[in-house]
Every structure is written in structure tokens, then in C-alpha cells.
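Secondary and tertiary structure notes
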Amino acid sequence: MSRSSLLYIMALSTCSAFAPPRNADASFSTSLQAFEDEIGAQPPLGYFDPLGLLADADEDRFNRLRYVEIKHGRISIMAVL
């Protein structure tokens with residue numbers, strides 16, 4: 001197999017990673033509907049909470065976790081600098 005055909009096959013295989021899913025019009029609902037209007041909630045996922053940390057949380061817990069996430073992000077940035 002020539003080098004150019006190998007590169008062509010590799011390029012085609014990586015392009016499929018960026019193709020939209022075949023069932024892009026399928027709709028689904030998230031289990032967490034309480035924070036759908038918050039900043040960061042985007043369609044089609046809505047508010048993304050893969051670990052279920054806010055499954056039974058109130059607004060105070062949500063605000064606390066958001067504050068801690070921002071604080072840790074800023075500390076990480078300062079550690080890199």
C-alpha cells in the first residue's frame with residue numbers, strides 16, 4: 001500500500017469523528033429539570049450533570065457548587081502561571 005493511499009484512509013477515518021449522529025433529530029429529556037434556565041444549560045443536553053450531584057439539590061447547593069468550581073478553576077489557572 002502506498003503512503004498516499006494510507007494517508008487518504010487515515011484522513012477519511014478521522015473525518016467520521018466530526019460527522020453528526022444519524023439520529024440527530026431524536027429528542028430526549030434530562031433527569032434534571034430544575035436548573036434548565038441557568039447559565040451553561042444548552043440544547044440538546046440541557047443542564048449537563050453526568051454524576052448526578054444535583055439530582056435532589058436546591059438552589060443554595062447549586063450556587064455553592066458553582067462558586068467552588070469557579071474558585072478551583074481560578075486556582076488552577078494561577079498554578080499554571
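Everything below is about the structure printed above this text.
Reference entry: report on the structure contained in this document. Note that this is a predicted model, so its numbers are computed, not measured. (Residues numbered from 1 in each chain as written. Predicted model: local features only at pLDDT ≥ 70, side-chain atom pairs only at ≥ 80, totals over all residues. Heavy atoms only, no water.)

With that settled, consider the overall build of the protein. Counting its secondary structure elements, the protein contains two helices and zero strands. Looking at the protein as a whole, 9% of its 81 residues are labelled buried. Long-range pairs, those at least 24 residues apart, make up 16% of the contacts in the protein with a sequence separation of at least 6. Accessible surface, the protein: about 7,400 Å² in total, of which carbon and sulfur atoms supply 60%. (Helix = DSSP H or I, 4+ residues; strand = E, 2+ residues; numbered from the N terminus. Buried < 20%, exposed > 50% of the residue type's maximum accessible area, 1.4 Å probe, protein only. Contact = heavy atoms within 4.5 Å. Areas by Shrake-Rupley, 256 points an atom, 1.4 Å probe, with all protein chains shown as cover.)

On to the layout of surface pockets. The calculated volume of the largest pocket comes to roughly 290 Å³. Forming the walls of the largest pocket are 14 residues, and the residues nearest its centre are Tyr47, Leu54, Leu65, Arg66 and Glu69. Looking at side-chain class alone, the lining of the largest pocket contains ten nonpolar, one polar and three charged residues. (1 Å grid on protein atoms, 1.4 Å probe; cavity = no way out; pocket = protein on both sides within 12 Å on 5 of 7 lines; lining within 4 Å. Points joined across faces, edges and corners; volume = space filled by probe spheres on them. Nonpolar A, V, L, I, M, F, W, Y, C, P; charged D, E, K, R; others polar.)

The next thing to look at is the environment of Phe35. Relative to the helices and strands, Phe35 resides in the loop between helix H1 (3-15) and helix H2 (59-80). For the pair formed by Phe35 and Asp58, sequence separation is 23 residues and the distance between their alpha carbons is 9.5 Å.

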